[in-house]
There are 2 protein chains.
Amino acid sequence: MNKNPIGIFDSGIGGLTVVKAVKKILPNEDIIYLGDTARLPYGTKSTDAIIQFSIEDTQFLVDRGAKYIVIACYSSASVALDIIRKKFSVPVIGVIEPGVRRALQLTKAGKIGVIGTSLTIFSGAYERAFKELGAQFEILGKACPLFVPLVEEGWFDHNATKLIAQDYLQPLKKDNVHTLLLGCTHYPLMMKIIREIMGDINYVDASTEVGVELAQSLDKLDMKNPSGAGDIGIYLTDLSMNFKEIGERFLGEPMKNFSRVSLKSTESAR
Amino acid sequence: MNKNPIGIFDSGIGGLTVVKAVKKILPNEDIIYLGDTARLPYGTKSTDAIIQFSIEDTQFLVDRGAKYIVIACYSSASVALDIIRKKFSVPVIGVIEPGVRRALQLTKAGKIGVIGTSLTIFSGAYERAFKELGAQFEILGKACPLFVPLVEEGWFDHNATKLIAQDYLQPLKKDNVHTLLLGCTHYPLMMKIIREIMGDINYVDASTEVGVELAQSLDKLDMKNPSGAGDIGIYLTDLSMNFKEIGERFLGEPMKNFSRVSLKSTESAR
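Every chain's residues receive numbers from 1 upward, in the order its sequence appears when written. Both sets of labels track the order of writing: A upward for chains, 1 upward for ligands. At least 70 in pLDDT is required for a residue's local features to be given in this predicted model, at least 80 for side-chain atom pairs to be given and counted, and no such filter applies to totals for whole chains, interfaces and linings, which use all residues.

### Quick look at the overall build of chain A
- Along the backbone of chain A there are 11 helices and 10 strands.
- On C-alpha atoms alone, chain A measures out to a radius of gyration of 18 Å, which is about the 18 Å that the 2.2 N^0.38 rule sets for 270 residues.
- Overall size of chain A, expressed as C-alpha extent along the three principal axes, is 50 × 40 × 35 Å.
- Three classes are used. A residue is buried when 20 or more other C-beta atoms lie within 10 Å of its own, exposed when 12 or fewer do, and partly exposed in between, with C-beta atoms placed from the backbone. Within chain A, buried positions represent 53% of all 270 residues.
- Sequence-distant contacts, at least 24 apart, represent 77% of the contacts inside chain A between residues at least 6 apart. Counting from the N terminus, the helices are DSSP H or I runs at least four residues long and the strands are E runs at least two residues long. Put simply, the radius of gyration uses C-alpha atoms, and a globule should come to 2.2 Å times the residue count raised to 0.38. Think of it this way: build a C-beta for each residue from its backbone, and any pair within 7 Å is a contact.

### A look at helix 8 (residues 159-174) of chain A
Residues and elements named next belong to chain A.
- A helix is expected to span 1.5 Å for every residue after the first. Taking 1.5 Å per residue as the helical rise, helix 8 with its 16 residues ought to reach 22 Å, and the 21 Å between its terminal C-alpha atoms agrees with that figure.
- Bend, at a single residue, is the angle you get between axes fitted to the 7 residues ending at that residue and the 7 residues starting at it. A bend of about 40 degrees at Tyr168 is the largest found in helix 8, and the proline Pro171 appears one to four places after it.
- Listing the buried residues of helix 8 in full gives Ala160, Thr161, Ile164, Ala165, Leu169 and Leu172.
- Phi turns positive, to about 55 degrees, at Asn176, one or two residues after helix 8.

### Concerning the sheet that holds strand 6 (residues 139-143) of chain B
All names here are of chain B.
- Pairing between strands requires that DSSP locate at least two bridges from one strand to the other. Judged by pairing direction, the sheet is parallel, and its 4 strands sit side by side in the order 6-5-7-8 without closing on themselves. What marks the edges here is a single partner per strand, and that holds for strand 6 and strand 8 (202-205). The mean angle between the axes of side-by-side strands here comes to 20 degrees, regardless of whether they run parallel or antiparallel.
- Sheet analysis places strand 5 (residues 111-116) next to strand 6, joined by 5 bridges and oriented parallel. Residue pairing across strands places Ile112 opposite Ile139, the latter belonging to strand 6.
- The axes used here are C-alpha line fits, helices contributing only the stretch in contact, and every angle between their N-to-C directions lies in the interval 0 to 180 degrees. Docked against the sheet, helix 6 (residues 125-132) engages strand 5 and strand 6, running at close to 160 degrees with respect to strand 6.

### With respect to the nonpolar core
- Formed by 164 residues in total, the largest nonpolar core has its most connected members in Val22(A), Val70(A), Ile71(A), Val22(B), Val70(B) and Ile71(B).
- Setting aside residues no more than four positions away along its own chain, Val22(A) makes contact with Ile6(A), Ile8(A), Ile31(A), Val70(A), Val210(A), Gly211(A) and Leu214(A). Buried Ala, Val, Leu, Ile, Met, Phe, Trp, Tyr and Cys residues whose C-beta atoms connect them within 7 Å together make up a nonpolar core.

### Topic: helix 11 (residues 243-251) of chain A
All names here are of chain A.
- The set of residues buried in helix 11 consists of Ile246, Gly247, Phe250 and Leu251. Buried residues of helix 11, viewed axially, fall in a sector of 135 degrees; they line one side.
- Residues of helix 11 that are buried make contact with helix 1 (16-25) and helix 7 (147-153).
- Residue Gly252 follows helix 11 closely and has a positive phi angle near 75 degrees. Each C-beta atom gives one direction from the helix axis, and the arc is the one those directions make.

### Structural notes on the domain arrangement of chain A
All names here are of chain A.
- Here the domain parsing of chain A yields domain 1 (6-94 + 209-266) and domain 2 (97-206).
- On the domain 2 side, the residues contacting the 17 residues of domain 1 number 21 residues.
- If you list the elements that add at least two residues to the side of domain 1 that touches domain 2, you get helix 1, helix 3 (74-87), helix 10 (206-220) and helix 11.
- It is helix 10 that contributes the most residues to the side of domain 1 that touches domain 2, 4 residues altogether. Domain boundaries shown here were taken from an automatic or database domain assignment.

### Some words on the packing of helix 1 (residues 16-25) of chain B against helix 10 (residues 206-220) of chain B
Residue and element names in this part refer to chain B.
- In the contact formed by helix 1 and helix 10, the axes pass within 8 Å of each other and the chain directions differ by 45 degrees. By the criterion of interaxial angle, the relationship of helix 1 to helix 10 is oblique. Between helix 1 and helix 10 the crossing geometry is right-handed. Only Ser207, Thr208, Val210, Gly211, Val212, Leu214 and Ala215 of helix 10 make contact with helix 1, whose side of the interface consists of Thr17, Val18, Ala21, Val22, Lys24 and Ile25.
- When residues are sorted by character, Ala, Val, Leu, Ile, Met, Phe, Trp, Tyr, Cys and Pro go into the nonpolar class, Asp, Glu, Lys and Arg into the charged class, and all the rest, Gly among them, into the polar class. Here the contact of helix 1 with helix 10 is built from residues that sort into 8 nonpolar, 4 polar and 1 charged. Under this scheme an angle from 65 to 115 degrees is roughly perpendicular, one under 35 degrees roughly parallel, and one over 145 degrees roughly antiparallel; angles in between are oblique. It is the rotation of the near helix from the far one that decides the hand of a crossing: anticlockwise by less than a right angle makes it left-handed, clockwise makes it right-handed.

### So, the environment of Phe9(A)
Residues and elements named next belong to chain A.
- Note that Phe9 resides in strand 1 (residues 6-10).
- We classify Phe9 as buried; it has 27 C-beta atoms within 10 Å.
- Setting aside anything within four residues of it in sequence, one finds Phe9 in contact with Gly15, Leu34, Asp36, Asp57, Thr58, Leu61, Ile71, Ala72 and Cys73.

### Some details on the sheet that holds strand 4 (residues 92-94) of chain B
Residue and element names in this part refer to chain B.
- Read from one edge to the other, the open sheet built from 6 strands follows the order 4-3-1-2-9-10, with strand pairing classed as parallel. Edge positions in the sheet fall to strand 4 and strand 10 (258-260), since each has one partner strand and no second. This sheet shows a mean twist of 20 degrees between the axes of neighbouring strands, independent of strand direction.
- Relative to strand 9 (residues 232-236), strand 2 (residues 31-35) runs parallel, the two sharing 5 bridges. Along strand 9, the bridge assignment pairs Ile32 with Gly233.

### A closer look at unusual backbone geometry
Residues and elements named next belong to chain A.
- Of note, the amide linkage connecting Leu40 to Pro41 takes the cis form, showing an omega dihedral of -10 degrees.
- By secondary structure assignment, the location of Pro41 is in the loop between strand 2 (31-35) and helix 2 (47-63).
- One non-glycine residue, Asn176, adopts positive backbone phi at about 55 degrees.
- Residue position: Asn176 is located in the loop between helix 8 and strand 7 (177-182).
- By C-beta crowding, Asn176 is classed as exposed, having 12 other C-beta atoms within 10 Å.

### Brief notes about the environment of Ile246(A)
- Relative to the assigned elements, Ile246(A) resides in helix 11.
- Sequence-distant contacts of Ile246(A), that is, excluding residues within four places in its chain, are made with Ile13(A) and Glu152(A).

### Points about the packing of helix 8 of chain A against helix 8 (residues 159-174) of chain B
- At a minimum axis distance of 8 Å, the contact between helix 8 of chain A and helix 8 of chain B shows a crossing angle of 160 degrees. If you check the angle between helix 8 of chain A and helix 8 of chain B, you find them roughly antiparallel. Crossing of helix 8 of chain A against helix 8 of chain B: the hand is left-handed. Within the contact between the two elements, helix 8 of chain A uses Asn159(A), Ala160(A), Leu163(A) and Ile164(A) and helix 8 of chain B uses Asn159(B), Ala160(B), Leu163(B) and Ile164(B).

### Remarks on the pairing of strand 5 (residues 111-116) of chain A
All names here are of chain A.
- Counting buried positions along strand 5 yields 5 of 6 residues, so the element is predominantly enclosed.
- Where strand 5 meets strand 7, 5 bridges bridge the pair, whose relative direction is parallel. Within the sheet, the bridge partner assigned to Ile112 lies in strand 7 and is Thr179.

### What to know about the pairing of strand 1 (residues 6-10) of chain B
Residues and elements named next belong to chain B.
- Of all 5 residues in strand 1, 5 are buried; the element is thus mostly enclosed.
- Going residue by residue along strand 1, you find Ile6, Ile8 and Asp10 tucked away on one face and Gly7 and Phe9 tucked away on the opposite face as well.
- The handedness of a crossover follows from its direction of travel: if, with the strands pointing away from the viewer, the path from the first strand over the helix to the second runs clockwise, the crossover is right-handed. Following the backbone out of strand 1, through helix 1 and into the adjacent parallel strand 2, one traces a crossover that is right-handed.

### With respect to the confidence of the model for chain A
- pLDDT is a residue-level measure of predictor confidence that goes from 0 to 100. Residues at a pLDDT of 70 or more form 97% of chain A, whose mean pLDDT is 91.
- Model confidence for the complex: the whole-complex pTM is 0.84, and ipTM, which rates the interface, is 0.78.

Printed below as a string of structure tokens:
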């Protein structure tokens, strides 16, 4: 038993979809979330910068008593997971591997499609993860860079969104993808339109799978909190105009407890 | 006469459209450009952060001999222009006022429309600038947040782009806008599609107007370089995957001379 909170970080507020998924599966766990909004997006930064930022984000959460670290940022999970695991003594889970494992469980034949931002897809992180986990299937990655701004506009039913989704997804449909892995925190909100185009195939939402594996791991390590209130504390390194509106869309509930914080190295950069 | 370079900064590489416009009007001026790509976008940051970043960007260019500072970043020009002018002894021009002056010259009757990113529009910077310059017209601002990612995708002729542009611009057309001011570095690349929707009205490209006013000011201050080679030196605080491809789309020529640099306060943040 361990009553300390779970620490989750992302470059922005998209990782609140992971918070939502974890809370659904582990309602008694307290969660502290760090969104490094002062330096978002990580996806456009260099590998060195992403690693440095990820270390600082983890340190922030560990300093506040996090018993377990969830890397909800795809860019961080792509390039910094192993380094964070070596550098810190708390267990760490990234947002990539659980979805990959689930996709492999579900897929009996055919191809696996992965959609994400440009950096996630072109980094080859998913290809590597599938290879390491012994995938026998062809993996088709497709970058969908307009999905994030469309979600932030809230244009889920716009005709333009349908055209853009068709443009991005048609090649995967044509290739008879059997399982589609949603490899970006924002994409669960696009599920309806994605399903309209891709039809009755398997879907894997990486955020949900992180919650499932986190629950199993807490059980195994005897680190569950049986009696927590499920409090969510949100720390952001900068507060933009509409972070609350967009954040609550991701979190699926009101953001009650949030504050602006400085990371050690962002103090001079603010 | 002053043979030192003109210093231009932006949060990213979009400001290269300003470089292109300045070079066209002032082919003998050398230009040094700073894109603070490690901390882009400024638009989502707080006012305090944007001011701090803008001071550092200006200092970097002044340290390298800039004789004149052009703030090509709309977020910076919105909130930091006066502070930069007070803090530094070199002349400073922002990307907002020249376009506003030109729009006022062109408009004989009717309304003026301004399109830009959410922060530019909702900051009220354009309304303030129009008011200060004595505008007698109704000013209609419209945020078009999807235009930037569409330009970065290069989807200038996509049907989705047309639908999105229609959605954003139809209200301005319906309101009989007489002059449309393009208030974002990325938007000149959307000109064709904007013209298709808005038709035969006046268009003002802020980047071009900055170049025009800069040329007049250099003349007046006797600071022109009559014999420079028109060299462009590009400094970026981070190099992302596709900065060269997108940058050259904005610059309209190959990016030959670029380097990655650290600003004083970003050294620890990298």
